Amino acid sequence: MSSKILIIGACGQIGTELTARLREIHGTENVIASDINTRKLELVNSGPFEIIDAKNFNAIKDCCVNYNVDTVYLMAALLSATGEKYPMEAWDLNMNSLFHVLNLAKTGIIKKVYWPSSIAVFGPTTPRDNTPQHTICEPTTVYGITKQVGERWCEYYYNKYNVDVRSIRYPGIISHKAMPGGGTTDYAVEIYHEAIKNGNYECFLSENTSLPMMFMDDAIKATVDLMEAPADHLTIRSSYNLSAISFTPKEIFESIKRRIPEFEISYNPDFRQAIADSWPSSIDDSVARKDWNWQHSFDLDAMTDVMLNELKKKYTHS
Ligand code: AKB
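About the criteria used
- Residues numbered from 1 in each chain as written.
- Predicted model: local features only at pLDDT ≥ 70, side-chain atom pairs only at ≥ 80, totals over all residues.
- Heavy atoms only, no water.
- Helix = DSSP H or I, 4+ residues; strand = E, 2+ residues; numbered from the N terminus.
- Contact = heavy atoms within 4.5 Å.
- Polar contact = N/O pair within 3.5 Å; in protein donor to acceptor, adjacent residues only side chain to side chain.
- Domains from an automatic or database assignment.
- Buried area = accessible area lost by both parts, 1.4 Å probe.
- Salt bridge = Lys/Arg side-chain N within 4 Å of Asp/Glu carboxyl O.
- Nonpolar A, V, L, I, M, F, W, Y, C, P; charged D, E, K, R; others polar.
- Patch = residues over 30% accessible without salt bridge, like charges linked within 9 Å, V, L, I, M, F, W, Y side chains within 5 Å.
- Areas by Shrake-Rupley, 256 points an atom, 1.4 Å probe, with all protein chains shown as cover.
- Near = heavy atom within 4 Å.
- Core = buried A, V, L, I, M, F, W, Y, C linked by side-chain atoms within 4.5 Å.
- Buried < 20%, exposed > 50% of the residue type's maximum accessible area, 1.4 Å probe, protein only.

K.L.:
Just to check I follow, could you spell out the side chain of Thr 185 for this structure?
P.N.:
Within the secondary structure, Thr 185 is located in the loop between strand S9 (172–174) and helix H7 (187–197). When residues no more than four places from it in sequence are discounted, the contact partners of Thr 185 are Gly 172, Ile 173, Leu 211, Met 213 and Trp 279.

Quick look at the structure:
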(Lines give C-alpha, C1' and ligand atoms only; values in the text may rest on other atoms or scores of the structure.)
Protein backbone atom coordinates (compact mmCIF):
# COMPACT_ATOMS: atom_id res chain seq x y z
CA MET A 1 0.00 0.00 0.00
CA SER A 2 1.28 3.45 -0.91
CA SER A 3 2.28 5.85 1.84
CA LYS A 4 -0.18 8.71 2.55
CA ILE A 5 1.61 11.97 3.12
CA LEU A 6 0.57 15.32 4.59
CA ILE A 7 2.69 18.41 3.90
CA ILE A 8 2.03 21.27 6.31
CA GLY A 9 3.17 24.63 4.90
CA ALA A 10 3.01 23.33 1.33
CA CYS A 11 2.75 26.79 -0.24
CA GLY A 12 6.15 27.96 1.03
CA GLN A 13 9.45 28.01 -0.87
CA ILE A 14 10.46 24.41 -0.09
CA GLY A 15 6.92 23.06 0.40
CA THR A 16 5.91 23.95 -3.16
CA GLU A 17 8.66 21.89 -4.77
CA LEU A 18 8.58 19.13 -2.18
CA THR A 19 4.86 18.61 -2.83
CA ALA A 20 5.46 18.30 -6.58
CA ARG A 21 8.31 15.82 -6.10
CA LEU A 22 6.48 13.67 -3.56
CA ARG A 23 3.45 13.55 -5.88
CA GLU A 24 5.71 12.30 -8.68
CA ILE A 25 7.03 9.55 -6.41
CA HIS A 26 3.89 8.52 -4.50
CA GLY A 27 1.04 9.63 -6.79
CA THR A 28 -0.94 12.87 -6.57
CA GLU A 29 -3.82 11.40 -4.57
CA ASN A 30 -1.45 10.14 -1.88
CA VAL A 31 0.09 13.55 -1.09
CA ILE A 32 -2.14 16.06 0.70
CA ALA A 33 -0.89 19.64 0.50
CA SER A 34 -1.95 22.02 3.26
CA ASP A 35 -1.34 25.61 4.25
CA ILE A 36 -2.95 28.33 6.32
CA ASN A 37 -4.61 29.80 3.22
CA THR A 38 -5.13 29.13 -0.46
CA ARG A 39 -2.57 31.69 -1.70
CA LYS A 40 -1.06 29.28 -4.22
CA LEU A 41 -3.84 28.34 -6.61
CA GLU A 42 -1.75 25.98 -8.76
CA LEU A 43 -1.20 23.83 -5.67
CA VAL A 44 -4.80 24.06 -4.51
CA ASN A 45 -6.03 22.93 -7.92
CA SER A 46 -3.41 20.27 -8.63
CA GLY A 47 -4.34 17.63 -6.04
CA PRO A 48 -5.73 17.13 -2.52
CA PHE A 49 -5.46 20.38 -0.55
CA GLU A 50 -6.61 21.29 2.98
CA ILE A 51 -6.51 24.60 4.84
CA ILE A 52 -4.62 23.87 8.06
CA ASP A 53 -3.21 26.26 10.65
CA ALA A 54 -0.07 24.47 11.86
CA LYS A 55 -0.78 25.71 15.40
CA ASN A 56 -4.11 23.86 15.46
CA PHE A 57 -3.61 20.31 16.80
CA ASN A 58 -7.14 19.16 16.01
CA ALA A 59 -6.97 20.40 12.42
CA ILE A 60 -3.76 18.40 11.84
CA LYS A 61 -5.13 15.35 13.64
CA ASP A 62 -8.47 15.37 11.77
CA CYS A 63 -6.68 15.59 8.44
CA CYS A 64 -4.35 12.69 9.35
CA VAL A 65 -7.28 10.53 10.49
CA ASN A 66 -9.56 11.41 7.54
CA TYR A 67 -6.93 10.69 4.90
CA ASN A 68 -5.21 7.85 6.78
CA VAL A 69 -1.93 9.79 6.72
CA ASP A 70 1.18 7.92 7.89
CA THR A 71 3.89 10.53 7.17
CA VAL A 72 3.93 14.28 7.90
CA TYR A 73 6.36 16.85 6.50
CA LEU A 74 6.13 19.93 8.74
CA MET A 75 7.40 22.79 6.57
CA ALA A 76 5.56 25.72 8.22
CA ALA A 77 7.82 28.12 10.14
CA LEU A 78 8.69 31.78 10.66
CA LEU A 79 12.28 32.25 9.45
CA SER A 80 15.21 34.21 10.88
CA ALA A 81 14.47 37.79 9.78
CA THR A 82 10.69 37.62 10.38
CA GLY A 83 11.33 35.89 13.70
CA GLU A 84 13.32 38.89 14.92
CA LYS A 85 10.35 41.14 14.13
CA TYR A 86 7.76 38.81 15.71
CA PRO A 87 9.62 36.76 18.35
CA MET A 88 6.61 35.40 20.21
CA GLU A 89 4.80 34.46 16.99
CA ALA A 90 7.94 32.63 15.82
CA TRP A 91 8.18 30.74 19.10
CA ASP A 92 4.47 29.91 19.06
CA LEU A 93 4.34 28.64 15.47
CA ASN A 94 7.72 26.92 15.29
CA MET A 95 7.44 25.08 18.62
CA ASN A 96 3.74 24.25 18.88
CA SER A 97 3.46 22.89 15.36
CA LEU A 98 6.40 20.57 16.11
CA PHE A 99 4.85 19.33 19.36
CA HIS A 100 1.55 18.66 17.58
CA VAL A 101 3.20 16.48 14.97
CA LEU A 102 5.55 14.70 17.40
CA ASN A 103 2.59 13.94 19.68
CA LEU A 104 0.57 12.51 16.78
CA ALA A 105 3.51 10.22 16.08
CA LYS A 106 3.87 9.33 19.76
CA THR A 107 0.26 8.14 19.91
CA GLY A 108 0.72 6.11 16.72
CA ILE A 109 -1.71 8.14 14.56
CA ILE A 110 1.18 8.80 12.16
CA LYS A 111 4.35 6.72 11.68
CA LYS A 112 6.99 9.09 10.37
CA VAL A 113 7.87 12.80 10.65
CA TYR A 114 10.08 15.15 8.64
CA TRP A 115 10.98 18.44 10.31
CA PRO A 116 13.49 20.92 8.86
CA SER A 117 16.12 22.49 11.07
CA SER A 118 18.63 25.11 9.88
CA ILE A 119 22.17 26.43 10.03
CA ALA A 120 20.50 29.00 12.33
CA VAL A 121 21.07 26.57 15.25
CA PHE A 122 24.68 27.76 15.17
CA GLY A 123 25.88 31.04 16.66
CA PRO A 124 28.92 33.28 17.08
CA THR A 125 30.70 30.79 19.37
CA THR A 126 30.40 27.96 16.81
CA PRO A 127 33.50 27.22 14.67
CA ARG A 128 32.69 29.16 11.47
CA ASP A 129 34.55 27.09 8.90
CA ASN A 130 33.61 23.52 8.16
CA THR A 131 31.26 23.53 11.16
CA PRO A 132 31.12 19.99 12.61
CA GLN A 133 27.95 17.95 13.15
CA HIS A 134 28.46 18.03 16.93
CA THR A 135 29.62 21.43 18.13
CA ILE A 136 28.73 24.50 20.20
CA CYS A 137 25.22 25.75 19.37
CA GLU A 138 24.46 29.12 20.96
CA PRO A 139 22.07 30.74 18.47
CA THR A 140 21.34 34.47 18.77
CA THR A 141 18.05 34.56 16.82
CA VAL A 142 14.60 33.46 17.97
CA TYR A 143 14.37 31.30 14.86
CA GLY A 144 17.70 29.66 15.72
CA ILE A 145 16.56 29.06 19.29
CA THR A 146 13.35 27.37 18.07
CA LYS A 147 15.35 25.16 15.73
CA GLN A 148 17.89 24.22 18.39
CA VAL A 149 15.21 23.41 20.96
CA GLY A 150 13.21 21.58 18.28
CA GLU A 151 16.22 19.39 17.53
CA ARG A 152 16.48 18.44 21.19
CA TRP A 153 12.78 17.51 21.26
CA CYS A 154 13.07 15.44 18.07
CA GLU A 155 15.92 13.44 19.57
CA TYR A 156 14.02 13.12 22.85
CA TYR A 157 10.88 11.77 21.14
CA TYR A 158 13.01 9.31 19.18
CA ASN A 159 14.86 8.07 22.28
CA LYS A 160 11.90 8.06 24.65
CA TYR A 161 8.95 7.13 22.43
CA ASN A 162 10.63 5.61 19.37
CA VAL A 163 9.18 8.30 17.08
CA ASP A 164 10.70 8.00 13.60
CA VAL A 165 11.57 11.66 13.13
CA ARG A 166 14.17 12.82 10.59
CA SER A 167 15.65 16.24 10.04
CA ILE A 168 18.15 18.29 8.06
CA ARG A 169 19.85 21.57 8.97
CA TYR A 170 19.12 23.39 5.72
CA PRO A 171 21.51 26.07 4.52
CA GLY A 172 20.07 28.96 2.44
CA ILE A 173 17.98 27.44 -0.37
CA ILE A 174 17.94 28.99 -3.84
CA SER A 175 15.01 28.35 -6.19
CA HIS A 176 13.05 29.90 -9.05
CA LYS A 177 9.53 28.55 -8.48
CA ALA A 178 8.39 30.07 -5.16
CA MET A 179 9.98 33.02 -3.36
CA PRO A 180 11.46 32.50 0.11
CA GLY A 181 9.91 34.61 2.83
CA GLY A 182 11.58 36.29 5.76
CA GLY A 183 15.04 34.67 5.78
CA THR A 184 18.56 36.09 5.95
CA THR A 185 19.70 34.06 2.94
CA ASP A 186 16.83 35.40 0.76
CA TYR A 187 19.21 37.82 -0.98
CA ALA A 188 20.60 34.89 -2.98
CA VAL A 189 17.19 34.38 -4.61
CA GLU A 190 16.25 38.07 -4.94
CA ILE A 191 19.51 38.83 -6.75
CA TYR A 192 18.59 36.57 -9.70
CA HIS A 193 15.10 38.09 -10.02
CA GLU A 194 16.48 41.64 -9.95
CA ALA A 195 19.23 40.77 -12.45
CA ILE A 196 16.58 39.70 -14.96
CA LYS A 197 13.96 42.33 -14.15
CA ASN A 198 16.02 45.47 -13.47
CA GLY A 199 19.70 44.80 -14.20
CA ASN A 200 20.76 45.90 -10.72
CA TYR A 201 20.40 44.79 -7.09
CA GLU A 202 20.87 46.43 -3.69
CA CYS A 203 22.09 43.70 -1.36
CA PHE A 204 21.18 43.75 2.34
CA LEU A 205 24.36 41.84 3.26
CA SER A 206 27.95 43.08 2.79
CA GLU A 207 29.97 41.81 -0.17
CA ASN A 208 32.24 39.38 1.70
CA THR A 209 29.63 37.62 3.86
CA SER A 210 30.11 33.93 3.11
CA LEU A 211 27.17 31.62 3.91
CA PRO A 212 26.32 27.96 3.23
CA MET A 213 23.80 27.65 0.37
CA MET A 214 22.16 24.99 -1.80
CA PHE A 215 20.13 24.79 -5.00
CA MET A 216 16.55 23.61 -4.48
CA ASP A 217 16.93 20.44 -6.57
CA ASP A 218 19.69 19.30 -4.21
CA ALA A 219 17.62 20.20 -1.13
CA ILE A 220 14.62 18.21 -2.38
CA LYS A 221 16.80 15.24 -3.26
CA ALA A 222 18.38 15.32 0.21
CA THR A 223 14.97 15.45 1.89
CA VAL A 224 13.60 12.54 -0.13
CA ASP A 225 16.79 10.49 0.29
CA LEU A 226 16.83 10.98 4.06
CA MET A 227 13.19 9.97 4.36
CA GLU A 228 13.77 6.86 2.23
CA ALA A 229 16.95 5.80 4.07
CA PRO A 230 16.68 2.63 6.19
CA ALA A 231 16.11 3.62 9.82
CA ASP A 232 19.04 1.57 11.06
CA HIS A 233 21.48 3.58 8.88
CA LEU A 234 20.65 6.82 10.69
CA THR A 235 22.91 7.85 13.55
CA ILE A 236 21.47 11.36 14.00
CA ARG A 237 17.95 11.93 15.29
CA SER A 238 18.36 15.61 16.13
CA SER A 239 19.25 17.01 12.69
CA TYR A 240 21.87 16.32 10.02
CA ASN A 241 24.38 18.94 8.85
CA LEU A 242 23.97 19.32 5.09
CA SER A 243 26.22 21.19 2.73
CA ALA A 244 26.62 21.97 -0.96
CA ILE A 245 28.17 25.36 -1.75
CA SER A 246 29.28 28.46 0.11
CA PHE A 247 29.57 31.87 -1.51
CA THR A 248 29.52 35.60 -0.77
CA PRO A 249 27.25 38.25 -2.34
CA LYS A 250 30.26 39.33 -4.41
CA GLU A 251 30.78 35.80 -5.75
CA ILE A 252 27.14 35.27 -6.75
CA PHE A 253 27.16 38.74 -8.33
CA GLU A 254 30.24 37.79 -10.38
CA SER A 255 28.64 34.52 -11.44
CA ILE A 256 25.62 36.47 -12.76
CA LYS A 257 27.75 39.21 -14.32
CA ARG A 258 29.66 36.66 -16.39
CA ARG A 259 26.30 35.92 -18.06
CA ILE A 260 24.74 39.43 -17.89
CA PRO A 261 27.70 41.84 -18.27
CA GLU A 262 25.61 44.99 -17.65
CA PHE A 263 24.39 43.72 -14.22
CA GLU A 264 25.30 46.02 -11.28
CA ILE A 265 25.22 45.58 -7.50
CA SER A 266 25.37 47.90 -4.48
CA TYR A 267 25.57 46.96 -0.80
CA ASN A 268 23.44 48.37 2.00
CA PRO A 269 23.64 45.97 4.99
CA ASP A 270 20.69 46.06 7.41
CA PHE A 271 19.76 44.13 10.59
CA ARG A 272 20.17 40.84 8.72
CA GLN A 273 23.95 41.40 8.55
CA ALA A 274 24.30 40.63 12.28
CA ILE A 275 22.32 37.40 11.79
CA ALA A 276 24.51 36.34 8.86
CA ASP A 277 27.66 37.19 10.83
CA SER A 278 26.56 34.80 13.58
CA TRP A 279 26.22 31.83 11.18
CA PRO A 280 28.88 29.49 9.78
CA SER A 281 30.44 30.12 6.40
CA SER A 282 30.77 26.41 5.55
CA ILE A 283 29.45 23.13 6.94
CA ASP A 284 30.98 19.67 7.47
CA ASP A 285 28.27 17.23 6.36
CA SER A 286 30.40 14.08 6.40
CA VAL A 287 27.93 12.25 8.69
CA ALA A 288 25.07 12.71 6.17
CA ARG A 289 27.40 11.61 3.36
CA LYS A 290 28.32 8.48 5.30
CA ASP A 291 24.91 7.54 6.77
CA TRP A 292 22.68 7.99 3.71
CA ASN A 293 25.11 8.68 0.84
CA TRP A 294 24.28 12.37 0.50
CA GLN A 295 25.91 14.06 -2.49
CA HIS A 296 25.12 17.44 -4.01
CA SER A 297 25.10 18.11 -7.75
CA PHE A 298 24.94 21.90 -8.26
CA ASP A 299 27.85 24.31 -7.87
CA LEU A 300 27.41 28.08 -8.06
CA ASP A 301 27.76 28.42 -11.85
CA ALA A 302 25.50 25.44 -12.64
CA MET A 303 22.88 26.97 -10.35
CA THR A 304 23.25 30.41 -11.97
CA ASP A 305 22.66 28.89 -15.41
CA VAL A 306 19.41 27.25 -14.33
CA MET A 307 18.19 30.24 -12.31
CA LEU A 308 18.75 32.75 -15.11
CA ASN A 309 17.26 30.50 -17.80
CA GLU A 310 14.15 29.70 -15.78
CA LEU A 311 13.57 33.28 -14.62
CA LYS A 312 14.04 34.62 -18.16
CA LYS A 313 11.26 32.26 -19.28
CA LYS A 314 9.08 33.24 -16.33
CA TYR A 315 9.38 36.99 -16.88
CA THR A 316 9.04 36.75 -20.67
CA HIS A 317 5.76 34.86 -20.32
CA SER A 318 4.26 36.96 -17.51
C1 AKB B 1 16.90 31.87 6.85
O2 AKB B 1 17.69 32.61 6.23
O3 AKB B 1 16.32 32.20 7.90
C4 AKB B 1 16.67 30.49 6.31
C5 AKB B 1 17.57 29.48 6.96
C6 AKB B 1 19.02 29.49 6.68
O7 AKB B 1 17.11 28.66 7.69
N8 AKB B 1 16.84 30.47 4.90
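K.L.:
Where do I start with the environment of Tyr 201 in this structure?
P.N.:
By the secondary structure assignment, Tyr 201 is in strand S10 (residues 200–203). On a C-alpha basis, the gap between Tyr 201 and Ala 231 in space is 45 Å, while along the polypeptide they are 30 residues apart. Once residues lying within four places of it in the same chain are set aside, the contact partners of Tyr 201 are Tyr 187, Glu 190, Ile 191, Glu 194, Phe 263, Glu 264, Ile 265 and Ser 266. Here Glu 190 takes part through its side chain, which lies 2.7 Å from a polar atom of the side chain of Tyr 201.

K.L.:
What is the right way to look at the domain arrangement of the protein chain in this model?
P.N.:
Accessible area lost when the parts come together is the quantity often used to give the size of an interface. With domains assigned, the protein chain is organised as domain 1 (4–172 + 215–241) and domain 2 (175–213 + 246–283 + 298–317). The centre of domain 1, based on its C-alpha atoms, is set 25 Å off from the matching centre of domain 2. Between domain 1 and domain 2, the contact holds 29 residues from the first and 30 residues from the second. In this assembly, domain 1 packs against domain 2 so that about 2500 Å² is buried in total across both faces, 62% of it on carbon and sulfur atoms. If you sort the residues of domain 1 by the area they bury against domain 2, Gln 13, Arg 128 and Phe 215 come out on top, with a joint share of 30%. Counting every contact that joins domain 1 to domain 2 gives 0 salt bridges. There are 13 residue pairs in polar contact (both at pLDDT 80 or more) connecting domain 1 and domain 2. A total of 5 residues in the side of domain 1 that touches domain 2 trace back to one element, the largest contributor, which is helix H4 (residues 80–85). Broken down by class, the residue content of the side of domain 1 that touches domain 2 amounts to 9 nonpolar, 12 polar and 8 charged.

K.L.:
Can you walk me through a nonpolar patch on the surface in this structure?
P.N.:
A cluster of nonpolar residues, Trp 153, Tyr 156 and Tyr 161, forms a patch on the protein surface that exposes about 270 Å² of accessible area. In this structure, Trp 153 sits in helix H6 (residues 142–161).

K.L.:
Quick question: what am I supposed to make of the site of the ligand here?
P.N.:
Near the ligand the following residues occur: Leu 79, Ser 80, Ser 118, Ile 119, Tyr 143, Gly 183, Thr 184, Thr 185 and Trp 279. With respect to the ligand, the side chain of Ser 80 contributes an N or O atom lying 2.5 Å from an oxygen atom. Out of a free accessible area of 250 Å², the ligand has 93% covered by protein chains. Class assignment of the residues belonging to the shell around the ligand gives a composition of 4 nonpolar, 5 polar and no charged. The residue makeup of the shell around the ligand includes at least three contributed by each of domain 1 (4–172 + 215–241) and domain 2 (175–213 + 246–283 + 298–317).

K.L.:
Can you help me understand the nonpolar core in this one?
P.N.:
Note on soluble globular proteins: their nonpolar side chains tend to be buried together. Counting residues in each nonpolar core, the largest one holds 72 residues, and the members touching the most others are Tyr 187, Tyr 192, Phe 247 and Trp 292. Ranked by residue count, the leading element in this core is helix H8 (residues 216–228), at 7 residues. Split by domain, this core shows at least three residues from each of two domains, domain 1 (4–172 + 215–241) and domain 2 (175–213 + 246–283 + 298–317). If sequence neighbours within four positions are ignored, Trp 292 has contacts with Ile 168, Ala 222, Asp 225, Leu 226, Ala 229, Leu 234, Tyr 240 and Leu 242.

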